[in-house]
Structure formats: C-alpha cells, structure tokens
Amino acid sequence: QRRVAITGDLGGMLDDLGMVEECYSVGRLSRVVANQLVATVNSRPERRTNVERWSVVFVDRTLDLFTGTVLNPETAAELVYGNLEPLYGDSNDVRIPLAQLFNKSEDDFVIDGCLADSKGEVPMSELVQQSSEDIVLQILDTLANKLQVDPEILNSGNLREILAEADTFSKYENFEKFQILAAISASQSIADTSKMDSVAGIDQSLFWTALEGSISVPQLANSILAGCPPDKLSLSFTLALLVHLYTFFGDLAVDDTSDFEEIEEARLHDTIFKQLQSDDVGVIRNATNGVPQPETLHNTADDLIRKVKSLSEERAGMSQISSLLTQVSSPSYKSLLERILELSYDTTDDLSDVEYRSGGLRDLLKTGLGLFTRAVAKPRPSGNVLVYVVGGITLKEVAWIEDYRKRTKRNVLLAGNAVLSRQRLLHKLFVLDNAFGV
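Note that the structure is predicted; figures quoted are calculated from it, not measured.

Q: Could you give an account of the overall build of the protein, naming the residues involved and the relevant values?
A: Within the protein, the regular secondary structure consists of 19 helices and nine strands. A total of 438 residues make up the protein; the buried ones form 51% of that total. The contacts of the protein with a sequence gap of at least 6 include a subset with a gap of at least 24, amounting to 74%. Summing over all exposed atoms, the protein offers an accessible surface of approximately 20800 Å²; the carbon and sulfur share of this is 50%.

So this is what it looks like as structure tokens:
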C-alpha cells in the first residue's frame, strides 16, 4: 500500500509538471517501485499530452548510508534536522519551539513553528549549503537596524541573549527570520548537551589503514570509540559510526571467521551491551516491556551487530557501483548519487547496474532484445534526470545536487519519500526495521 501511495503521488507530480518519464532502477526494492510506476502509465491520461521527457532513476537508500550517518553537522539544515523533533508523525519538517522567542514559560501554550513558515525569508538552498553561524550572521545583519538590543550583546553573537533581549515588536514584524534564529538556538541548546555532537579522537590515518586491509572494520570502530571522551559516547553514536563504516567499506570488510575478528566483535558487543542500558535510540523500548533483563540486552546487542554487518553486503553483485571508494589521487568517498550521474552522462559504457524498466511492447520494439539482459546499452538516463531515492534523501545530497546543477548546468533533480537526519535513519534501521519506509 505504501509503494502504491508513493508511485501514485510521484505519478501525479510528474503529470502536474508536464513530464513524460522513462524509468530506471538501481537496487532490488527500486526495481519494484519503478515497475509499479510503469504499471500506472495507462491510468494517467495526462501523461499522453505531456511533452517534456525525463529519465527517472529509482535508487535504494541502503546502497549508500554514508552521508546519512555523518556524525558532525556542517550546515544549518543538518544542525536543525539532527536535533529538533519532527513536526508531527513522520513529517519531513521539524517542530520549532517558539516559547523562548516570545518570552513565554514552558507552561504557556504556544504553537510550535516549522521551517515551511520560513522558507520565503531564508531559502532551503541556503540552509543546506551554509553553516548555522553564517545564517545567523546573515539574518542579524539584515535585522541590525531593527533590533532594540544592546550593541555589546549583538556583537557578542550570543543568540540566546539576542533572542531574549530583542524587542517583541521586531520579532512579530520579522517573524520568519526570527523563527530561523529560534530553530538554530534550540538546536544548539540540545547539541551542547548531546552525547553525539563530537567525534573527537577519530584518527583519519586509521581510516585509510583499514582500506589497505591491515585493520578490520570492528577493530577500526573499537579504536575510534576508545579515543572518544566517555561523555560523548552513546548507543546512537556507536550505531551511527558502525553504519558509517560498514556501508563505506562494503565487501572490503575483513572476513569475520577469524579468531581475531571474533575478539574485536566481542569488544563491540560489550560496548553496545553497556550502552543499551541507557538506550537513546529506542531499540529496547521497541523490543521489551518493562525493565530489560541482561539476557535480552545481550541478544539485542548481537542482533544490532548482525544488522549493521548485513549493510556491507547491500552492493554485493554489482559491478560498476560496488564500491564508494575512489582512488584518483588519494582514497576518498564518492557518493552513489555522483556515480550514477557520472555513469549516465560522462561514459559510454553499458550500464550493468542501472536497469531500464520496460513499459510494454512499445518499449520492447524501441530497445530490442537487450531488455531481456541485465546490461542495457540503450536507452540510458540522459537529458533531464530525476533521481528518486527510495528510503529518503540526506541533506548533504541536497547540497551536493545544488552544487552539481550549478557546475554542470544540467537539469538534474533529487527526490525521495523522506528527508533523513542521522537519528531518523537510525530509527528506521533499528527500531522500525524498515530502512525504506515503504
């Protein structure tokens, strides 16, 4: 039902925009969703009158979870999305507490705000590309002449004091701007006391040593965790780190049948077992009622490690996008999104991992018997391209696609069925046990 709803909404959006789509898929679930959209063609009369052709590429989120588990927020959007609660249910917007903005107490009834109310004043493109400090300075510079605030407080940059001292009338008059300031202030307040706002102790040389095969992923994770201050560690931090590493290294992860590997995994197990006793992800609340027993915690720790390790196998069987590594000058990460666009636009190679989804006899006649093989020589994504990530898009991907459009002048759009923060992704993976949300 969720898949039908997603393809129904997407089909309606394509028709509203006057698009005629050709569907491609990368990944097992994306194949199903793409086929679902292809099956709706005959029930969408508007499509027959559309003229603008688009290649719609569906991609499984689990093929690349690296950007979804970045541990340090770099932009204002990452800070806000990573710390504020969803507006409601599974909403892609966030709940902005406005009580502090109008000097109300927590007991007073104040309707929460949301980013949708502010997008006209501070475009989302700025939030996903600029740091929170730059956004704050930009807004304060605009408001400087309107703020009735002591110049010393204004120059100090202390956002909480500025919000407390600013004239109430100026807040109402410039509500959209102040709402962004309130969102950043509330996010900073949470992040200041969060156990996940730092990855101090991560040694990048260890990261690249793992690429050479001389250190395993569990050993790398244990080395990083051992180097972090104890007050920074939590279950959500550890799980995000493990997802980050296993999705990056993929099938480069060392064989877990060796005695050495078992020792390192046992250390990880002990770490997760202790952190489950103050679970900040919600895994235990989802698994048990009442106070969990030690046996339950041990079983849950084993289950979490098993789930994380399975992520390294998501790209197994793929050839062109089996790795997220690039060795052009030095080892670095290249996102799945970047690889797909690079293969589609910048190479003439057959696309073995990007599958064309046939719309019936007409497409069969157009493309020939090559449709019956996994490799596709033609057609291939080209021209206008919409990449739809089944499972949700990350804010780093939104920032990257904005930059890509500017650099290449190509008409490429990015969409998905959710906007992911690190905490939301962990919730999908380990609480809901459904990374796709379909």
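Picking up after the structure, the text goes on.
Q: Run through the pattern of salt bridges, naming residues and quoting values.
A: Here the structure, examined in full by the defined rule, presents 19 salt bridges. The closest approach of N and O atoms between Lys-309 and Glu-265, which form a salt bridge, is 2.8 Å. In this pair, Lys-309 sits in helix H15 (residues 294-310) while Glu-265 sits in helix H13 (residues 259-276), placing the two residues 44 residues apart along the sequence. As far as the burial class goes, Lys-309 and Glu-265 line up, both buried. Asp-303 is the salt-bridge partner of Arg-306, the closest N and O atoms lying 3.4 Å from each other. Pair noted here: Arg-306 and Asp-303 are both in helix H15, with a separation of three residues, about one helical turn.

Q: Lay out the confidence of the model for the protein with the relevant residues and their values.
A: Any region with low pLDDT has predicted coordinates that should not be read closely. Per-residue confidence for the protein gives a mean pLDDT of 82; residues scoring 70 or more make up 84%. Of all secondary-structure elements in the protein, the lowest mean pLDDT belongs to helix H17 (residues 361-367), at 51, while strand E6 (residues 384-390) reaches the highest, 95.

Q: An account of helix H19 (residues 422-431) is requested, with residue identities and associated values reported.
A: Most of H19 sits out of view: eight of its 10 residues are buried. Those residues of H19 lying buried are Arg-422, Arg-424, Leu-425, Leu-426, Lys-428, Leu-429, Phe-430 and Val-431. In the stretch just after H19, Asp-433 is the one whose phi turns positive, near 55°.

Q: Requested: an account of the side chain of Ser-187, with residues and values cited.
A: The topology assignment puts Ser-187 in helix H9 (residues 175-193). Setting aside residues no more than four positions away along its own chain, Ser-187 makes contact with Leu-79, Val-80, Asn-83 and Leu-84.

Q: Which residues make up unusual backbone geometry, and what values go with them?
A: Leave glycine aside and you will find that most residues have negative phi; peptide bonds, for their part, are mostly trans. A positive phi angle, near 60°, is found at Lys-409, a position not held by glycine. One can find Lys-409 in the loop between helix H18 (395-408) and strand E8 (412-416). Taking the relative accessible area as the measure of exposure, Lys-409 reaches 70% and is therefore exposed. At Asp-433, a position not held by glycine, the phi torsion is positive, near 55°.

Q: Which residues make up the packing of aromatic side chains, and what values go with them?
A: According to the stated counting rule, one finds nine aromatic pairs in the structure shown. Summarising the aromatic geometry, the rings of Phe-66 and Phe-248 are spaced 5.1 Å apart at their centres and angled 40° between planes, so their arrangement reads as tilted. Taken together, the residues span a long stretch of sequence, with Phe-66 in the loop between strand E2 (52-60) and helix H3 (76-83) and Phe-248 in helix H12 (residues 235-249) at a distance of 182 residues. By the burial criterion, Phe-66 is buried, and Phe-248 matches it. Here the aromatic rings of Phe-102 and Phe-175 are separated by 6.4 Å at their centres, their planes lie at 5°, and the arrangement is stacked. Note that Phe-102 is positioned in the loop between H3 and helix H4 (124-127) and Phe-175 in helix H9, a separation of 73 residues in sequence. The exposure class of Phe-102 is buried, given its relative accessible area of 15%. Each member of the aromatic cluster is reached from another via a ring pair, and the members are Phe-66, Phe-248, Phe-249 and Tyr-333. If you follow Arg-410 out to its NZ or CZ, it ends over the ring of Tyr-345, 4.3 Å from the centre.

The rules behind the values
- Residue indices begin from 1 for each chain and proceed along its sequence in written order.
- Since the coordinates come from a predicted model, pLDDT governs what is reported: local features require at least 70, and pairs of side-chain atoms require 80 or more to be given and counted, while whole-chain, interface and lining totals use all residues.
- As a convention, hydrogens and water are excluded, and side-chain values are obtained from all of the structure's heavy atoms.
- Think of it this way: any DSSP run of H or I at least four residues long counts as a helix, any run of E at least two long counts as a strand, and we number them from the N terminus.
- The buried label goes to any residue with under 20% of its type's maximum accessible area, the exposed label to any with over 50%, and the partly exposed label to all in between, with areas taken from a 1.4 Å probe on protein chains only.
- We call two residues in contact when some of their heavy atoms are within 4.5 Å.
- Using the Shrake-Rupley algorithm and a 1.4 Å probe, accessible areas are obtained, with residue cover drawn only from the displayed protein chains.
- The term salt bridge refers to a side-chain nitrogen of Lys or Arg lying within 4 Å of a carboxyl oxygen of Asp or Glu.
- Every residue gets a pLDDT, meaning the predictor's confidence in that residue, from 0 to 100.
- Pairing of aromatic rings covers Phe, Tyr and the six-membered ring of Trp, with a centre-to-centre limit of 6.5 Å; geometry is then stacked below 30 degrees between planes, edge-to-face above 60, and tilted otherwise.
- Both a distance and an angle decide whether a charge sits over a ring: NZ of Lys or CZ of Arg must be within 6 Å of the ring centre and within 35 degrees of the ring normal.

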